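Inside the fold
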Amino acid sequence: MKLKELSAAVQEAPYYSERFTRRLYTDAFREYTERFGPLYMAAVRETADDPNGRQTLAEALLDELEAGWKRQHFWNRTMVQAREKQMIVTYLSPMLLGLEEPLCQELAERLRDTWNARRPKDGYDVTTYAKLQAGFHNVILGIDVSGWQKRMEERDD
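The present account deals with the structure reproduced in this document. Here the structure is a predicted model, which means the values were calculated and not measured.

A separate point is the nonpolar core. With 39 residues, the main nonpolar core has Y32, Y40, L92, M95 and L96 as its most contacted residues. For this core, the elements supplying multiple residues, two or more each, are α1 (3-11), α2 (13-17), α3 (25-46), α4 (53-71), α5 (77-98) and α6 (102-118). Per-element tally for this core: the top contributor is α3, with nine residues. The residues contacting L92, other than those within four sequence positions of it, are V10, Y32, Y40, L61, M87 and L111.

Take a look at the structure:
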């Protein structure tokens, strides 16, 4: 298991976080999955024989992230932690839930449970890529025009 490569899926947050928009998320998520999906599937397959393997992997990944936070200046730690949590919620967990290896789904749940146990006031839940993508709305000047756009498309059909 290459923990540095696995943690890069979370620590490279600035590149992917800025692409978490209605227009860019689809391509960013596909690129992210192509890059990190095989690494996580290989890591999970290495733990297949161990019933606690996914829990151990989740704990090791969080330990690696926490070590990275400790290396930050104290005034920067909270921001880095929040950014990396966003990466787990918007990229890593949806990717794990969508991979064909069923143990990846268990890893997503173990990672969530371990995070929530370590940070009970800063918990999160996992969701799929499809739900996240469906959550983007087409808004102009604060007005959601998704419904209007849909009605126009229906009228044109």
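This next bit is on the side chain of K85. Position of K85 among the secondary structure elements: in helix α5. One polar contact links K85 to D122, side chain to side chain, over a distance of 2.7 Å. If we skip the residues at most four places from it in the chain, K85 touches W115, D122, G123 and Y124.

It is worth spelling out the packing of α4 against α6 at this point. For the pair α4 and α6, the least separation of the axes is 8 Å and the interaxial angle reads 50 degrees. Taken together, the axes of α4 and α6 are oblique relative to one another. Here the hand of the crossing between α4 and α6 comes out right-handed. From α4, R54, Q55, L57, A58, E59, L61, L62, D63, E66 and W69 reach across to α6, where they touch L103, E106, L107, R110, L111, T114, W115 and R118. Across the contact of α4 with α6, the residue classes tally to nine nonpolar, two polar and seven charged.

So, about the packing of aromatic side chains. Overall, the coordinates contain 15 aromatic pairs when judged by the stated rule. Plain terms: the ring middles of F74 and W75 are 5.1 Å apart, the flat faces sit at 80 degrees to each other, and that makes the pair edge-to-face. The exposure class of F74 is exposed, given its relative accessible area of 64%. Under the relative-accessibility criterion, W75 is labelled exposed at 60%. In this structure, R119 packs its charged tip against the face of W115, placed 4.7 Å from the ring centre.

Scanning the model with the defined rule gives 13 salt bridges in all. The residue R119 makes a salt bridge to E66 at a minimum N-O spacing of 2.5 Å. Taken as a pair, R119 in the loop between α6 and α7 (129-134) and E66 in helix α4 lie far apart in primary sequence, 53 residues in all. Pair check on accessibility: R119 and E66 agree, each one buried. Taking the shortest distance from any N to any O, the salt bridge between R112 and D125 comes out at 3.1 Å. With R112 in helix α6 and D125 in the loop between α6 and α7, this residue pair connects regions lying 13 residues apart in the sequence. For D125, a relative accessible area of 52% corresponds to the exposed category.

Our focus in this paragraph is the packing of α1 against α5. Helix packing geometry: the angle between the two helix axes and the distance between the axes. Direction vectors running N to C along α1 and α5 enclose 95 degrees, while the axes themselves pass 8 Å from each other. One way to sum up the angle between α1 and α5 is to call them roughly perpendicular. The residues of α5 that touch α1, namely those facing A9, V10 and Q11, are E84, M87, I88 and L92. By residue class, the composition of the contact of α1 with α5 is five nonpolar, one polar and one charged.

The rules behind each value
- Residues numbered from 1 in each chain as written.
- Predicted model: local features only at pLDDT ≥ 70, side-chain atom pairs only at ≥ 80, totals over all residues.
- Heavy atoms only, no water.
- Core = buried A, V, L, I, M, F, W, Y, C linked by side-chain atoms within 4.5 Å.
- Buried < 20%, exposed > 50% of the residue type's maximum accessible area, 1.4 Å probe, protein only.
- Helix = DSSP H or I, 4+ residues; strand = E, 2+ residues; numbered from the N terminus.
- Contact = heavy atoms within 4.5 Å.
- Polar contact = N/O pair within 3.5 Å; in protein donor to acceptor, adjacent residues only side chain to side chain.
- Axes fitted to C-alpha atoms, helices over the stretch in contact; angles between N-to-C directions.
- Parallel < 35°, antiparallel > 145°, perpendicular 65-115°, else oblique.
- Left-handed = near helix turned anticlockwise from the far one by under 90°.
- Nonpolar A, V, L, I, M, F, W, Y, C, P; charged D, E, K, R; others polar.
- Phe/Tyr/Trp six-rings, centres within 6.5 Å; stacked < 30°, edge-to-face > 60°.
- Lys NZ or Arg CZ within 6 Å of the ring centre and 35° of its normal.
- Salt bridge = Lys/Arg side-chain N within 4 Å of Asp/Glu carboxyl O.

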